[in-house]
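# Commentary on secondary and tertiary structure
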Amino acid sequence: EEIVLPRKKTWDKLAVLQTLASTVRRDPTAAHYMFQDDPFLMPRNAASSRLFALSKESGRNAARYIIQHFPQYFDKTFAEPNVPCLMPETLTPQTEGVSEEALKEHICLRRVKESVDLFDQLVQAGTPVSLETTNSLLDLLCFYGDGESTLEKEEEEKEDSEEAEKAPNRQLRRGSQPAGTRWSLSLGSRENNNAERIFKIMPERNAHSYCTMIRGMVKHGAPAKAYDMYMDLLNQRHKADVHTFNSLIAAVGGRGRGVFFKVFLNHMVQQGVQPNLLTFNALLKTLRRCGGVGRSMSLLVIKEMEALDIEPSLATYDHLLAIFYRGVQLPSSGIICEVLDDVEHRSFAAQDPDDGAVLSAVSAVLQCCELKDIKLAYRLNKAMEKGDNWRFLDMERLNTYWSKFFSLLCMMEQIDVVLQWYREMSPSLFYPSAKNILDLLQALDAANHLDMLPSVWEELLDELLSLQSRDQHPQEIQLAFATCAEDIRAAHEPAGRDQAPLQWTGSSLGHVALLFSRAGRTQDAWSMMERFQQINRIPSEQVMDEFLTCAKQSNSADAAVRLVKLAASLGLPSSQKLKSRTKKEFELSEEQREALESITDGDSSDSDQE
């Protein structure tokens, strides 16, 4: 009898990690994961959240700049064993001399100017350059222009759209793809930039050469030239690829857009080019500017997508919403329901640069229009939490989305549901803005649920104090801020048997101490410093430094000595620095000097006995 052994199961390498990831549940008390590397950068409100997120990204950009411009300091590897795929990329050319191989290497490293110089040297020396290498150089130039491939050039401010030249092809609108400098200005004021110059001296050109030039011209704001280049392509009996047609369709503007759409679509049929998702998204994106005509034509576009079995991306739905809700005063929920019917059960993958806009668009429609439908809001939220759809929203869009969703909850839901969402959303999902807090206050008032006011007040209080203490201001403003701080301190003090005082937090104590210090109110600032020990909190180094500066301005050496003793009793590493500053900046009596010298780290004596 034949014995059949069971076939060995093949496991996905990521199966275990995916299983573990599926067991993770979000902690509603934790901040966003991007802030958890550094506990000192945990934001407490929407403003600080945005500031910290931008700071972190700025740090990445700075690190990238250093690596790109000073690669010689990063050429040593100390890893054992050395795993090449985990090592930094080689950013310096390894091939010396003037040759086609050196040119290829410079192109791969995206060194634009050096690649152009090498190409010119090869041409001047009479060395033929292959068509493939020349096309690669054109690809580089048409993507970056004549500037280097640095972050500053890529993020250069977009040029405003202008009318195209007065020619039969004026329907190609300028600036429809705002992705860099104008084509005509990519070499300053020169009309014939390097891409055009190299294209003209090429002994042989194929369809790739023309298509690259067309896409580069559209990208850099010269769609009229792109259309002329497309006509040259047809005259040379070449065929354009689908990406070229997508660029040309996206560049269509002005009156008679429908005529040009049909021209390009007919050419695609004649040349046997199959449209893809980006083709239809480019059509819909341009139809956003066509008013009523756009609404009728967009439905035909969607039907054509269905006929070709092309699934829409998130950007497709975003364009549809923009087409049907632009300028509409009293929208119905029909188109939104149809969009959510398709979206809420799907987990999307990124296929279009505009994919991240649709969730914010639906949220804005629900919030800003007179369509106050909480059921649609829940369906939208379900779609957003499906799979990895939430990844399409960056930090700022995510905070905006949750802010609008929470405002709609405050307006439409029962107060118990609102409070449950509030506890689960803040701070793990978003930081309530002042408007969110006001919406919540109105909801509490309407539901006669005023016993929750103290916790809401603490949220608003932290945001107010954070704004007041963030920067230095003229003395008149600082005095006004100190008056506010005095009122806030009074709210934390017990005023009677029937009034429960607010509880101090470390951040609110630090903000109030800063405000008193900057206003020159040394004694009030010190009363705040003492409370740090009472509630077992640690003052920040900024709070300690500014209190010492305040003590110096008021010539209060006793306050400075007490501060050093407090820092030592709390075991702060800054106590030695404060001690040195006190010796250097204050005129101390013999008794004060002896008391200062007797302070050691971990001194547990009461700081107010001095």
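Residues numbered from 1 in each chain as written. Predicted model: local features only at pLDDT ≥ 70, side-chain atom pairs only at ≥ 80, totals over all residues. Heavy atoms only, no water.

Of regular secondary structure, the chain possesses 28 helices and 0 strands. Buried residues in the chain amount to 44% of all 610 residues. Long-range contacts, defined here as pairs at least 24 residues apart, represent 68% of the contacts in the chain between residues at least 6 apart. Counting every atom, the chain has about 34300 Å² of accessible surface; 52% of that belongs to carbon and sulfur. (Helix = DSSP H or I, 4+ residues; strand = E, 2+ residues; numbered from the N terminus. Buried < 20%, exposed > 50% of the residue type's maximum accessible area, 1.4 Å probe, protein only. Contact = heavy atoms within 4.5 Å. Areas by Shrake-Rupley, 256 points an atom, 1.4 Å probe, with all protein chains shown as cover.)

For the rest of this paragraph, the subject is helix α14 (residues 314–325). In this model, α14 (12 residues) spans 17 Å end to end at C-alpha, consistent with the 16 Å of a helix rising 1.5 Å per residue. Within α14, 11 of the 12 residues are buried, which leaves the element mostly enclosed by the surrounding structure. Of the positions making up α14, those classed as buried are Leu314, Ala315, Thr316, Tyr317, Asp318, His319, Leu320, Leu321, Ala322, Ile323 and Tyr325. (Expected span 1.5 Å × (residues − 1).)

This part takes up unusual backbone geometry. Its identity as a non-glycine residue notwithstanding, arginine 110 has a phi of 60 degrees, on the positive side. Within the secondary structure, arginine 110 sits in the loop between α3 (100–108) and α4 (112–124). According to the relative accessible area criterion, arginine 110 is partly exposed, its value standing at 41%.

Before going further, it helps to spend a moment on the packing of aromatic side chains. Ring pairs (aromatic) are described by centroid distance and by the angle formed between their planes. Applying the stated criterion to the full structure yields 16 aromatic pairs. Pairing tyrosine 227 with phenylalanine 264 gives two aromatic rings, centres 6.4 Å apart and planes at 70 degrees, and the pair type is edge-to-face. Separated by 37 residues along the polypeptide, tyrosine 227 in helix α9 (residues 223–235) and phenylalanine 264 in helix α11 (residues 257–270) bring together distant segments of the chain. Each member of the pair, tyrosine 227 as well as phenylalanine 264, carries the same accessibility label: buried. Consider the rings of phenylalanine 406 and phenylalanine 430, whose centres lie 5.9 Å apart with planes at 45 degrees: the pair is tilted. Residue phenylalanine 406 is found in helix α18 (residues 395–412), and its partner phenylalanine 430 is found in the loop between α19 (415–425) and α20 (434–446); the two are separated by 24 residues along the sequence. (Phe/Tyr/Trp six-rings, centres within 6.5 Å; stacked < 30°, edge-to-face > 60°.)

Now for helix α10 (residues 242–250). A large share of α10 lies buried, amounting to 8 of its 9 residues. All of the buried residues along α10 are Val242, Thr244, Phe245, Asn246, Ser247, Leu248, Ile249 and Ala250.

Turning next to the UniProt feature "repeat: PPR" (unreviewed entry) in the chain. Here the UniProt feature "repeat: PPR" (unreviewed entry) sits at residues 206–240. Strand forms 0% of residues 206–240 and helix 74%; the C-alpha atoms that close the span are 10 Å apart. (UniProt positions renumbered as here; feature names shortened; annotations may be inferred.)

Within the element layout of this structure, leucine 566 appears in helix α26 (residues 557–569). On the basis of relative accessibility, which here comes to 0%, the residue leucine 566 falls in the buried class. With 33 residues separating them along the chain, leucine 566 and isoleucine 599 place their C-alpha atoms 9.7 Å apart.

What follows is about the side chain of serine 508. By the secondary structure assignment, serine 508 is in helix α23 (residues 506–518). Classification of serine 508 as buried rests on a relative accessible area of 2%. At 2.8 Å, the side chain of serine 508 forms a polar contact with the side chain of threonine 505. With residues near it in sequence (within four places) discarded, serine 508 still touches Asp462 and Leu465. (Polar contact = N/O pair within 3.5 Å; in protein donor to acceptor, adjacent residues only side chain to side chain.)

Here we take up the packing of α23 against helix α25 (residues 541–553). Across the interface, α23 lies against α25 with an axial gap of 9 Å and an inter-helix angle of 25 degrees. One finds that α23 runs roughly parallel with respect to α25. Of the two possible hands of crossing, α23 and α25 adopt the one that is left-handed. When α23 is examined against α25, the residues Gly510, Ala513, Leu514, Ser517 and Arg518 are found in contact with a partner set consisting of Gln542, Val543, Glu546, Phe547 and Cys550. Each residue belonging to the contact of α23 with α25 can be placed in one class, and the counts come to 5 nonpolar, 3 polar and 2 charged. (Axes fitted to C-alpha atoms, helices over the stretch in contact; angles between N-to-C directions. Parallel < 35°, antiparallel > 145°, perpendicular 65-115°, else oblique. Left-handed = near helix turned anticlockwise from the far one by under 90°. Nonpolar A, V, L, I, M, F, W, Y, C, P; charged D, E, K, R; others polar.)

Our next topic: a nonpolar patch on the surface. Residues Tyr65, Ile66, Ile67, Phe70, Tyr73 and Phe74 make up a contiguous nonpolar surface patch of roughly 590 Å² in combined accessible area. In this structure, phenylalanine 74 sits in the loop between α2 (46–69) and α3. (Patch = residues over 30% accessible without salt bridge, like charges linked within 9 Å, V, L, I, M, F, W, Y side chains within 5 Å. Salt bridge = Lys/Arg side-chain N within 4 Å of Asp/Glu carboxyl O.)

Our next topic: the environment of lysine 285. Among the structural elements, lysine 285 can be located in helix α12 (residues 277–287). Overall, the relative accessible area of 35% leaves lysine 285 in the partly exposed class. Sequence separation between lysine 285 and isoleucine 323 is 38 residues; the distance between their C-alpha atoms is 8.7 Å. Not counting residues up to four positions away in its chain, the partners in contact with lysine 285 are His319 and Asp354.

Here glutamine 523 shows up in helix α24 (residues 522–534). For the pair glutamine 523 and serine 556, spaced 33 residues apart in the sequence, the C-alpha separation amounts to 9.8 Å.

A separate point is the pattern of salt bridges. Tallying each qualifying case throughout the model produces 22 salt bridges. When salt bridges that share partners are traced, they join Glu541, Asp545, Lys552, Lys577, Arg581 and Glu585 into one network.

Here we take up a negative patch on the surface. On the surface, Asp558, Glu590, Glu591 and Glu594 cluster together to form a negatively charged patch. A per-element tally of the negative patch places helix α28 (residues 590–597) first, with 3 residues. Within the fold, glutamate 590 resides in helix α28. Assessed through its relative accessible area of 56%, glutamate 590 is described here as exposed. (Lys, Arg positive; Asp, Glu negative; His and termini not counted. Charge placed at Lys NZ, Arg CZ, Asp CG, Glu CD.)

This part is about the confidence of the model for the chain. In regions of low pLDDT, the predicted coordinates are not meant to be interpreted in detail. Overall, the predicted model of the chain reaches an average pLDDT of 79, with 80% of residues at or above 70. Across the chain, element-level confidence peaks in helix α8 (residues 207–219) with a mean pLDDT of 94 and bottoms out in helix α6 (residues 151–154) with 42. Low pLDDT, under 50, characterises residues 185–190; the stretch is placed with 9 contacts to residues that sit more than four places away or in other chains. (pLDDT = per-residue confidence, 0-100.)

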